[in-house]
Amino acid sequence: MHILVTNDDGISAPGLLALAAAMRPLGKVTVLAPDHNWSASGHVKTMNRPLRVFDAQLSDGSPALASDGAPSDCVALALLGVVPEPVDLVVSGINPNANIGYDVTYSGTVTAAMEAVIAGVPGIAVSLDSPDGFVGTLDFSGAGRAAQVVARQVIRYGLPAGVLLNVNVPYLPFERFRGFAVTRHGMRVYRDALDARKDPRGRPYYWIGGEHPTGIPEDGTDFGAMKAGYVSVTPLHLDLTAYGAIESLRQWEW
Ligand SMILES: [Mn+2]
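Definitions and limits used
- Residues numbered from 1 in each chain as written.
- Predicted model: local features only at pLDDT ≥ 70, side-chain atom pairs only at ≥ 80, totals over all residues.
- Helix = DSSP H or I, 4+ residues; strand = E, 2+ residues; numbered from the N terminus.
- Contact = placed C-beta atoms within 7 Å.
- Core = buried A, V, L, I, M, F, W, Y, C linked by C-beta atoms within 7 Å.
- Buried ≥ 20, exposed ≤ 12 C-beta atoms within 10 Å, placed from the backbone.
- Pairing = 2+ DSSP bridges.
- Axes fitted to C-alpha atoms, helices over the stretch in contact; angles between N-to-C directions.
- Parallel < 35°, antiparallel > 145°, perpendicular 65-115°, else oblique.
- Left-handed = near helix turned anticlockwise from the far one by under 90°.
- Nonpolar A, V, L, I, M, F, W, Y, C, P; charged D, E, K, R; others polar.

Caption draft 1: Quick look at the overall build of the protein. A count of helices and strands for the protein gives seven helices and eleven strands. Judged by the C-alpha coordinates and their principal axes, the protein covers about 55 × 50 × 45 Å. Long-range pairs, those at least 24 residues apart, make up 75% of the contacts in the protein between residues at least 6 apart in sequence.

This is the structure in structure tokens:
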């Protein structure tokens, strides 16, 4: 088993170190991650500038590769040959915030796993629902063990073609998880607000700010399971077709 580990928070993020450590008992681990934070960068393919790959180190001293590309670029680079040995599994994370519902379209963590699936390699994205406004050192140990369980299952059972797993972990010790729940994509509730300011020359600039998003804790969904103390495992595919709308659109007078 050769596992590629990446993230969207950058090569020095503690969640990346925790994920690499959690994957090592399962096989050979190669880390290729962005050289800076790309959170909420979406699915990127860098086409108008060259990409660089540098030798780097994780904070435990283990060797890694860093790139100035986006998370999805890192996966593409690795699978296209920057990492010479074939990759069997791509695992991305551990993101310090949950990626539920529509977050998956913003998330660099999830789009890295999407890139793997496009290349025909199983992909897993792992995110931790850490507390709002938490400023201390996050404990990734429960999420690391959860990621290891999910990766073992993927190695054992395989994933259907075109399917990636979006894993969201409650901020609890491993022993306190209520279990693993296979879920569907739920509803995020965004509370974005425009913060308009003026620069020193009087010109306006904007931040998209507001409060942390919340969600609707419906049964069977990613958000519902995670808030109930389960590790949420959502199978995703990239076919965004609204199948339920096809028939009604065909009724339009074209
Ligand atoms: Mn992130």
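Moving on from the coordinates now.
Caption draft 2: Quick look at the nonpolar core. The biggest cluster of nonpolar side chains holds 63 residues, and the ones touching the most others in it are Leu 19, Val 91, Ile 124, Ala 147 and Val 167. In terms of residues, this core owes the most to one element, helix α1 (residues 14-23), which gives seven residues. Ignoring sequence-local partners within four residues, the contact set of Val 167 consists of Ile 124, Ala 125, Val 126, Ser 127, Ala 146, Ala 147, Val 150, Val 231, Ser 232 and Val 233.

Caption draft 3: Structural view of unusual backbone geometry. Looking along the chain, the bond that leaves Gly 93 and enters Ile 94 is cis, with omega of -5°. Positive phi outside glycine occurs at Ala 40, with the angle close to 60°. Position of Ala 40 among the secondary structure elements: in the loop between β2 (28-34) and β3 (53-57). Overall, Ala 40 belongs to the partly exposed group, with 15 C-beta atoms counted inside 10 Å.

Caption draft 4: Region of interest: the pairing of strand β4 (residues 63-67). The buried fraction of β4 amounts to four of the five residues, a majority that puts the element mostly inside the structure. Sheet analysis places β2 next to β4, joined by three bridges and oriented parallel. Across the sheet, the residue bridging to Ala 33 is Ala 66, located in β4. The pairing of β3 with β4 spans five bridges and is classified as antiparallel. For Ala 56, the partnering residue across the bridge sits in β4 and is Ala 64. Between β3 and β4, which pair antiparallel one after the other, the connecting turn spans five residues, and Gly 61 there sits at a positive phi close to 90°.

Caption draft 5: Layout of the packing of α1 against helix α5 (residues 141-157). Running from amino to carboxyl end, α1 crosses α5 at an angle of 45°, the nearest separation of the two axes being 9 Å. Judged on the interaxial angle alone, α5 and α1 are oblique. Crossing of α1 over α5 shows right-handed handedness. Residues Ala 18, Leu 19, Ala 21, Ala 22 and Met 23 of α1 form the contact with α5, whose own contacting residues are Ala 143, Gly 144, Arg 145, Ala 147, Gln 148 and Ala 151. Here the residues of the contact of α1 with α5 are counted per class, giving eight nonpolar, two polar and one charged.

Caption draft 6: Seen up close, the sheet that holds strand β11 (residues 230-236). In spatial order, the strands read β3-β4-β2-β1-β5-β6-β7-β11-β8; together these nine strands make up an open sheet with mixed pairing. Here the strands that pair on one side only, and so sit at the sheet edges, are β3 and β8 (179-182). Going from strand to strand, the sheet's axes swing by 25° on average, the running direction of each strand aside. Note that strand β1 (residues 2-6) and β2 share four bridges and pair parallel. The partner of His 2 across the bridge, within β2, is Lys 28. Sheet strands touched by α1: β1, β2, β5 (89-95) and β6 (123-129). Its angle to β5, the strand with the most contacts, is close to 140°. Along the sheet, α5 contacts β5, β6, β7 (164-170), β8 and β11; its crossing angle with β5, the most-contacted strand, is approximately 160°.

Note that all results are geometric; they support no functional claim without further evidence.
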